[in-house]
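Given next are the chains, with one letter for each unit.
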Amino acid sequence: DGKPQKPETFRLVKIDTTAPVEVPGRLTTRADEEIAAQDEDARIVVFFLDDYHVRHGSSMAARKHLVDFVANQLAPQDMVAVMYPLTPASALTFTRNRNSLLEAVNHFEGRKGDYIPRNEFEERYAYYPTVQVESIRNDVTMGALRAAAAQLGAMREGRKSIIFVRE
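Residues numbered from 1 in each chain as written. Predicted model: local features only at pLDDT ≥ 70, side-chain atom pairs only at ≥ 80, totals over all residues. Heavy atoms only, no water.

Engineer: So what's going on with the sheet that holds strand E3 (residues 161-165)? Which residues, and what values?
Structural biologist: Through backbone hydrogen bonds, the strands of a sheet pair up, either in parallel or in antiparallel fashion. Ordered by their spatial adjacency, three strands build an open sheet running E2-E1-E3, and the pairing between neighbours is parallel. Among the strands making up the open sheet, the edge pair consists of strand E2 (79-83) and E3. Taking the axes of each pair of neighbouring strands and ignoring which way they run, one obtains an average angle of 15° across the sheet. Looking at chain direction, strand E1 (residues 44-49) and E3 are connected through five bridges and run parallel. Bridging from a neighbouring strand, Leu-49 pairs with Val-165 of E3. (Pairing = 2+ DSSP bridges. Helix = DSSP H or I, 4+ residues; strand = E, 2+ residues; numbered from the N terminus. Axes fitted to C-alpha atoms, helices over the stretch in contact; angles between N-to-C directions.)

Listed below in structure tokens is the structure:
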């Protein structure tokens with residue numbers, strides 16, 4: 001509201017992606033994720049890949065930037081999940097495994113303007129007018145983003161990130 005505010009707390013976080021860090025265990029269960037999320041040095045990130053709103057050609061460019069981010073910006077203790085508009089937030093699985101992240105990112109394929117149904121949900125509206133299909137896709141994407149934010153909010157106090165890939 002244009003009024004100065006005093007910080008209540010402050011913590012400098014400096015991430016060194018090259019320093020060796022001993023990371024406790026693999027994230028194989030939901031309990032492993034919950035324990036790992038309590039580490040204040042672990043950044044929690046969701047890549048939200050909005051295939052509904054990215055053209056096929058643009059997804060190739062986006063993949064390049066995401067691969068660079070995974071390779072050069074993530075620290076060993078960071079936890080990352082990949083989500084699409086039709087991914088239920090309850091199905092988010094976090095990983096520290098860079099190879100599995102790179103594989104997931106490299107499979108990202110934009111579908112903007114492509115209305116061929118790929119699942120049962122999309123078959124329900126396959127013959128709707130394009131304007132209505134786009135409206136449904138917008139609603140699905142916004143609902144999924146809200147669900148992702150709620151899921152992240154429940155993990156721990158503090159900052160978490162959603163990297164939203166969309167044209």
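Engineer: Report on helix H2 (residues 56-73), specifying residues and quantitative values.
Structural biologist: Since there are 3.6 residues in each turn of an α-helix, residues three or four apart along the chain are aligned in direction. The end-to-end C-alpha separation of H2 is 25 Å, in line with the 26 Å expected for 18 residues at 1.5 Å each. Where H2 is concerned, the buried positions are Ser-59, Ala-62, Arg-63, Leu-66 and Val-70. Viewed along the axis of H2, the buried residues span an arc of 115°, placing them on a single side of the element. Turned more than 90 degrees off the buried face of H2, the exposed positions are Lys-64, His-65 and Ala-71. Along its buried surface, H2 packs onto E1, helix H3 (98-106) and E3. (Expected span 1.5 Å × (residues − 1). Buried < 20%, exposed > 50% of the residue type's maximum accessible area, 1.4 Å probe, protein only. Arc of directions from axis to C-beta. Contact = heavy atoms within 4.5 Å.)

Engineer: Residues and numbers for the nonpolar core, please.
Structural biologist: Note on soluble globular proteins: their nonpolar side chains tend to be buried together. Among the nonpolar cores identified, the biggest contains 17 residues, and Ile-44, Val-46, Met-79, Met-83, Phe-94 and Met-155 are the most heavily contacted of them. If you list the elements that add at least two residues to this core, you get helix H1 (30-37), E1, E2 and helix H5 (130-153). Looking at this core, the element that brings in the most residues is H5, giving four residues. Once you skip the residues sitting within four places of it in the chain, Met-79 turns out to touch Leu-27, Glu-33, Ala-36, Ala-37, Arg-43, Ile-44, Val-45, Phe-94, Thr-95, Arg-96 and Met-155. (Core = buried A, V, L, I, M, F, W, Y, C linked by side-chain atoms within 4.5 Å.)

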